[in-house]
Number of protein chains: 2
Amino acid sequence: MKKVINNANHVVHEMLDGLVAAYPDSLKRLPGTTVITRSDAPVQGKVGIVSGGGSGHEPAHAGYVGRGMLDAAVAGEVFTSPTPDQIIEAIKAVDSGNGVLLIIKNYTGDVMNFEMAQEMAEMEGINVDRVIVNDDVAVEDSTFTVGRRGIAGTIFVHKIAGAMADTGASLLEVKAAAEKTIVNVRSMGVALSSCTLPAAGKPSFTLADDEMEIGIGIHGEPGIERVPLEEADRLTTILVNKILQDIDYEQEEVAVMVNGLGATPEMELHIVNRKLSQLLKEKDIAVYKNWVGEYMTSLDMEGFSVTLLKLDSELKSLLVKDVKTIAFQV
Amino acid sequence: MKKVINNANHVVHEMLDGLVAAYPDSLKRLPGTTVITRSDAPVQGKVGIVSGGGSGHEPAHAGYVGRGMLDAAVAGEVFTSPTPDQIIEAIKAVDSGNGVLLIIKNYTGDVMNFEMAQEMAEMEGINVDRVIVNDDVAVEDSTFTVGRRGIAGTIFVHKIAGAMADTGASLLEVKAAAEKTIVNVRSMGVALSSCTLPAAGKPSFTLADDEMEIGIGIHGEPGIERVPLEEADRLTTILVNKILQDIDYEQEEVAVMVNGLGATPEMELHIVNRKLSQLLKEKDIAVYKNWVGEYMTSLDMEGFSVTLLKLDSELKSLLVKDVKTIAFQV
C-alpha cells in the first residue's frame, strides 16, 4: 500500500487537524470531537444544517461547511458512520434556537446514528428534523443500504438547503427545499479501479485490467454489472440513459455535476462532460449550471459519477445564491 | 491502461470542448485553437496575462483563467509545449493595447515557444514581456530543463500578476510583481507512483511497491533520490527542510500550497498540511494563507508538492484580492 499517512488508525484525526490548520478563519474543530463547524457557529436567526458520514469521501463533507451551505460536518472513521455522540455535539454547536436540519446519505448505519442523535437532541429541547438523500439510480438495496444509496447528489441538497436557511426560512421550509431537491436529483457512477482503505492496506475488491464496474457505490458496493473497458463517450451514455430511464427530464432545465471518484485526472472528467453536454442537447434538456471536479470521492478509486438535478425557478435561485466554502462555488 | 478517454490523440481537443461546455459564461475557446480565454477578453484598460504549457496538469492552466488571474491559457498536447502559433493567438486575443505578460514555466520547450511567439507578436506591434517561473528546488537542470523547473509555485505567480493587472498597473509594474513572486517562491514534490500518458498507454517510469522518488518533476523527471516509503510526517519534513535550506523564511510570513499530483486523496493532503503547519510554527514562520488541493497535477501520479511563498505587505494584498476562476479562490 502506498499512502501518504502516518498511522492508519489516526488518519481522520490528523486530516481534521490539517484541515482546520489550513482554514482557521472559516472552520473550527469542536475540541475532542470529529465535528467541523463554521468558525462563527451558531449563526443567530438561522436554521442550522448538519451533514456528515464516513471519511474517505473528501471534500465531503467538511469542504461544504461555510456561509450558504453546511453549519457543521461530522466525520466518521473511514467508510464508517459517525457515532450519535459526535452528531449530537454538532447539532448543539449549530443550534441558535431556530432548529437544525440533518442531511443524511442513505446508508443504514448513517440513518440509524443520525436518527438516534436527533432523538437525543430533541430530548434536550432542540428542534431537529432530517432528510435522507438517495440519488443513486444504480441499484435498489445494497451492501450497506436499504433502498437507494446517497452519493454526489447530496452536494446539491447541501447547497439548496443552505441557501434556503440563509434566507431566514423556518426549519419546515428548509426541509421542504431539501426534499424538493432530493425528489429531483439522480446520480450514477462507474469505477475503473478499487480503492484502498488505510487500515486494510489492500484494495477493497479487484477489477481486472480490462474491466470496469457500472453503478458502483462510493464504498465499492456492487453495481449493476462488470463489463469490458468502454470508451468515455459510451460510458457517459450508459450512465445518462440509466438516469433518464428513471426520471423524465425532457424539455426541462437541469444542474449537472461530473464528479471524480478520487484518482481520475480532471482531463478525463472534462472529456465526459463534453459528451454529456451533447447528449443533453440531443434530448432537449437545457443545462442551467455545471460543476466538474471532485466533490464526493472514494479514496483513491478511479472512476466518476454523473448527477442531474431538475430545476424550477425556486431551485435555480437557491442553487446560485452566494456561498463561501472550500469546495463548492457558484 | 485504464483511462476515461475516447481516442488518445484527441484528449486535449475533447477536454477543452468539455471545459467550455461546463463554463460557457466565463470561458471561451478561440475557434480552431487550443486557447481558452476569459469570455470577455480583451479587457479594456488592463494588461493581458497569458500562461500555458503541456496538458495533463489540470486545472493548470485553464482553471486559472478569469477575473483577477489569467486572461488566456494555451494548452499543448499532453506534457508537450504549446506551439508558437497557438501562443500568438492567445496574445492577440487578450491585448487591449496595454500589453501582454507571458508567464512561462521553466522548461526548454515552453521557453523557446513562448519567446518565439513574443517576437512574432512584437513584430505585429503588440507590447509583450515575459517572466519564467523556476520554483522547484529539487534539482538544477533536468530532462527537459536548463536551470530549475517551474511547478506549483506558478499558480501564485498567476494570482499576484493577475491582481496587479486588475489595479490598472502598467506592463512593467505587472512584470515586477510577477518577478517579485518568483524570487520569493519555492516548491518541491515527491511521487509515490508514475503517471500514464494517454498516447503511451503505460507508465512513464516505474517505482517499486516500497519506493518513492523525492524531488520528482511534474512530467516524471528524475528527482534527488529514490528512497523506501516514508510516513507522511517524515516526507513533509524532508520537503520543507530542502526548501528552507534554499531560502531563509525564518520570522517571515508565508503563503502555503499543498498540491496533490493527481491520484492522491485529499485526506492525505490534509495530513501533510497538519505536519507542515507544525513545522512552520516551530521555525517561527507565520502562515498568512493556505491552499490544500489539486492545483498543478501530473495526470494520475500519486504524490504531492509543497510550495512556500515569502510575503511582504504588497504581495499579501495582491494575494487576497478578489478573484473569479474555476480552480482558485481566496
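Only a predicted model underlies this, so the values are computations on that prediction, with no experimental measurement involved.

The helix and strand inventory of chain A stands at 8 helices and 12 strands. For 330 residues, the compact-globule formula gives about 20 Å, and the C-alpha radius of gyration of chain A, at 19 Å, lands near that figure. Its C-alpha atoms put chain A at 55 × 50 × 35 Å along the principal axes. By residue count, 65% of the 330 residues in chain A fall in the buried class. Here the analysis covers contacts within chain A between residues at least 6 apart in sequence; of these, 74% occur between residues at least 24 apart. Only carbon and sulfur atoms are counted for the fraction: they give 48% of the accessible area of chain A, which is about 11,000 Å². Taking the average place of the 29 positive charges on the side chains of chain A and the average place of its 47 negative ones, the gap between the two points comes to 3 Å.

Another aspect to go through is the sheet that holds strand β5 (residues 100-105) of chain A. Residue and element names in this part refer to chain A. Strands sit in the order β1-β2-β4-β3-β5-β6 across an open sheet of 6 strands; the sheet is mixed. For this open sheet the edge positions go to β1 (27-29) and β6 (128-133), each flanked by a neighbour on one side alone. Pairwise comparison of adjacent strand axes, ignoring direction, gives a mean angle of 25° for this sheet. Bridge analysis of β5 against β6 gives 6 bridges, and the strand direction is parallel. For L101, the partnering residue across the bridge sits in β6 and is D129. Contacts between helix α5 (residues 171-184) and the sheet are confined to β3 (48-55), β5 and β6, with β6 contributing the most and set at about 5° to the helix.

All names here are of chain B. In this structure, P24 sits in the loop between α1 (11-22) and β1 (27-29). Its relative accessible area of 53% is what places P24 among the exposed residues. Spatially, the C-alpha atoms of P24 and F205 are 37 Å apart, while their sequence positions differ by 181 residues.

With that settled, the discussion passes to the interface of chain A and chain B. Listed per partner, the contact involves 56 residues of chain A and 56 residues of chain B. Of the roughly 4,700 Å² buried between chain A and chain B, counting both surfaces, carbon and sulfur atoms make up 55%. The largest per-residue losses of area from chain A upon contact with chain B belong to K2(A), V4(A) and M267(A), which jointly make up 19% of the total buried on that side. Between chain A and chain B we count 6 salt bridges in total. Counting across the interface, chain A meets chain B through 24 residue pairs in polar contact (both at pLDDT 80 or more). At the level of secondary structure, the elements contributing two or more residues to the side of chain A that touches chain B comprise α1 (11-22), α6 (232-246), α7 (266-282) and β11 (286-293) of chain A. Among the elements that take part in the side of chain A that touches chain B, α7(A) stands out by supplying 9 residues, more than any other. Grouping the constituent residues of the side of chain A that touches chain B by class yields 28 nonpolar, 11 polar and 17 charged.

What counts, and where the lines are drawn
Residue numbers restart at each chain and count upward from 1, following the sequence in its written direction. Just so you know, chain letters begin at A and ligand numbers begin at 1, following the order they were written in. The predicted nature of this model means local features are confined to residues of pLDDT at least 70 and side-chain atom pairs, given and counted, to a pLDDT of 80 or more, with totals for whole chains, interfaces and linings taken over all residues. Processing note: side-chain calculations cover all non-hydrogen atoms of the structure and skip hydrogens and water entirely. Per the convention used, a helix needs a DSSP run of H or I reaching at least four residues, while a strand needs a run of E reaching at least two, with both numbered from the N terminus. Both definitions apply: the radius of gyration is a C-alpha atom measure, and the globule rule equals 2.2 Å times residues to the power 0.38. Think of it in three bands: residues with accessible area under 20% of the maximum for their type are buried, residues over 50% are exposed, and the middle band is partly exposed, with areas taken using a 1.4 Å probe on protein chains only. Note on definitions: a residue-residue contact is assigned when non-hydrogen atoms from the two residues lie within 4.5 Å. Here the accessible surface of atoms and residues is derived via Shrake-Rupley with a 1.4 Å probe, and residues count as covered only by protein chains that are part of the display. Only four residue types enter the tally: Lys and Arg on the positive side, Asp and Glu on the negative side; His and the chain ends are excluded. Just so you know, the charge point we use is NZ for Lys, CZ for Arg, CG for Asp and CD for Glu. Between any two strands, at least two bridges found by DSSP are needed for them to pair. Helix axes are fitted to C-alpha atoms over the stretch in contact, other axes to C-alpha atoms as well, and angles between N-to-C directions run from 0 to 180 degrees. In this description, buried area is defined as the sum, over both parts, of the accessible area (probe of 1.4 Å) that is lost when the two are combined. Any carboxyl oxygen of Asp or Glu that lies within 4 Å of a side-chain nitrogen of Lys or Arg is treated as forming a salt bridge with it. Polar contact criterion, stated in full: a pair of N or O atoms within 3.5 Å, where within protein one must be able to donate a hydrogen and the other to accept it, and residues adjacent in sequence count only if both atoms are side-chain atoms. Throughout, the ten residues Ala, Val, Leu, Ile, Met, Phe, Trp, Tyr, Cys and Pro are labelled nonpolar, Asp, Glu, Lys and Arg are labelled charged, and all others, Gly among them, are labelled polar.

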